Amino acid sequence: MKITEEVWAFAEPIVQAHGCSLWDVEYVREGGQWFLRLYIDKDGGVDINDCEAISRAVDPILDEKDPIPESYSFEVCSAGLERELKRPGDFEKFMGSSVSVKLYKAVGGSKEWIGTLTGYENGAVTISCGEQTQTFEKAEVAQVRLHVEF
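Scope of this entry: the structure provided in the associated data block. (Residues numbered from 1 in each chain as written. Predicted model: local features only at pLDDT ≥ 70, side-chain atom pairs only at ≥ 80, totals over all residues. Heavy atoms only, no water.)

Structural notes on helix α1 (residues 3-17)
Note that an α-helix has 3.6 residues per turn; residues three or four places apart therefore point the same way. For the record, the criterion: Secondary structure elements are defined from DSSP: runs of H or I of at least 4 residues count as helices, runs of E of at least 2 residues count as strands, and each element is numbered from the N terminus. Take the number of residues in a helix, subtract one, and multiply by 1.5 Å to get its expected span. The angle between axes fitted to the seven-residue stretch ending at a residue and the seven-residue stretch beginning at it gives the bend at that residue. Each residue is placed in one exposure class: buried if its accessible area under a 1.4 Å probe, protein chains only, is under 20% of its type's maximum, exposed if it is over 50%, and partly exposed if it falls in between. In this description, contact between two residues means that some pair of their heavy atoms is separated by no more than 4.5 Å.
The end-to-end C-alpha distance of α1 is 22 Å, a good match for the 21 Å that 15 residues give at a rise of 1.5 Å each. Of all the bends in α1, the largest measures some 40° and sits at Ala-11, one to four residues before the proline Pro-13. Residues Thr-4, Val-7, Phe-10, Ala-11, Ile-14 and Val-15 constitute the buried set of α1. Residues of α1 that are buried sit in contact with β1 (21-30), β2 (33-41) and α2 (48-65). Once α1 finishes, Gly-19 follows within two positions and takes phi at roughly 80°, a positive value.

Here is the structure:
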């Protein structure tokens, strides 16, 4: 089992007990240091108190279960307004929302497309940009995030 899956399994009930939902678990190396991050969400938005309470509740279980052999920093963060969509349920939840689709290679002269999410099937993402509809196959898509105009 991957580290992120193992952490998800024991962290999700704790996150839910604090009135939040677990959006993602990330284990990444940045600047020579490893980071374990829990991304959380809740109706009305997450605040620093939610992050702190969940961090304090999960931290001792991380110490007990010790799923990561090397040293790392543990963080609990809000999923954010422009969160990444990864799982089929993410796409279902945000169907009809504005998204940014980043591609590995340019399509139609662009590596980033912004439009309304209108479809998701077997990893293929469909967006509409005005009158135009564009479908990107799973292998073309590097990342899909919610897009917020400021």
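The discussion continues.
Observations concerning α2
The end-to-end C-alpha separation of α2 is 25 Å, in line with the 26 Å expected for 18 residues at 1.5 Å each. The sharpest bend along α2 reaches about 25° and sits at Val-58, with the proline Pro-60 one to four residues further on. Those residues of α2 lying buried are Asp-50, Cys-51, Ile-54, Val-58 and Leu-62. Check the buried side of α2 and you find it contacts α1, β2 and β3 (73-78).

As for the sheet that holds strand β4 (residues 98-107)
Operational definition: Criterion used throughout: strands pair if DSSP finds at least two bridges between them. Axis definition: a line fitted to C-alpha atoms, limited for helices to the stretch in contact. Angles are taken between N-to-C directions and run from 0 to 180 degrees.
With antiparallel pairing, five strands are arranged side by side in an open sheet as β7-β6-β5-β4-β8. Because the sheet does not close on itself, it has two edges, and the strands there are β7 (132-136) and β8 (141-146). Within this sheet the neighbouring strands show an average axis-to-axis angle of 40°, counted without direction. Judged from the five bridges that link them, strand β6 (residues 124-129) and β7 form a sheet pairing that is antiparallel. Within β7, the position partnered with Cys-129 by the bridge is Gln-132.

What about the layout of surface pockets?
Rule in force here: Only protein atoms enter the 1 Å grid, on which a cavity is a set of points fitting a 1.4 Å probe that cannot get out and a pocket is an open set with protein on both sides within 12 Å along at least 5 of 7 lines, lining residues being those with an atom within 4 Å of a point. Grid points are joined across faces, edges and corners, and a volume is the space filled by probe spheres set on the points. The residue classification treats Ala, Val, Leu, Ile, Met, Phe, Trp, Tyr, Cys and Pro as nonpolar and Asp, Glu, Lys and Arg as charged. All others, Gly included, are polar.
Considering only enclosed or pocket space, the largest pocket measures out at about 250 Å³ in volume. If you go around the largest pocket, you meet 15 residues; those closest to its centre are Lys-86, Phe-91, Tyr-120, Gly-123 and Lys-138. Elements represented by at least two residues in the lining of the largest pocket include exactly α3 (88-93) and β8. No other element matches the four residues that β8 contributes to the lining of the largest pocket. Per-class residue counts for the lining of the largest pocket are eight nonpolar, three polar and four charged.

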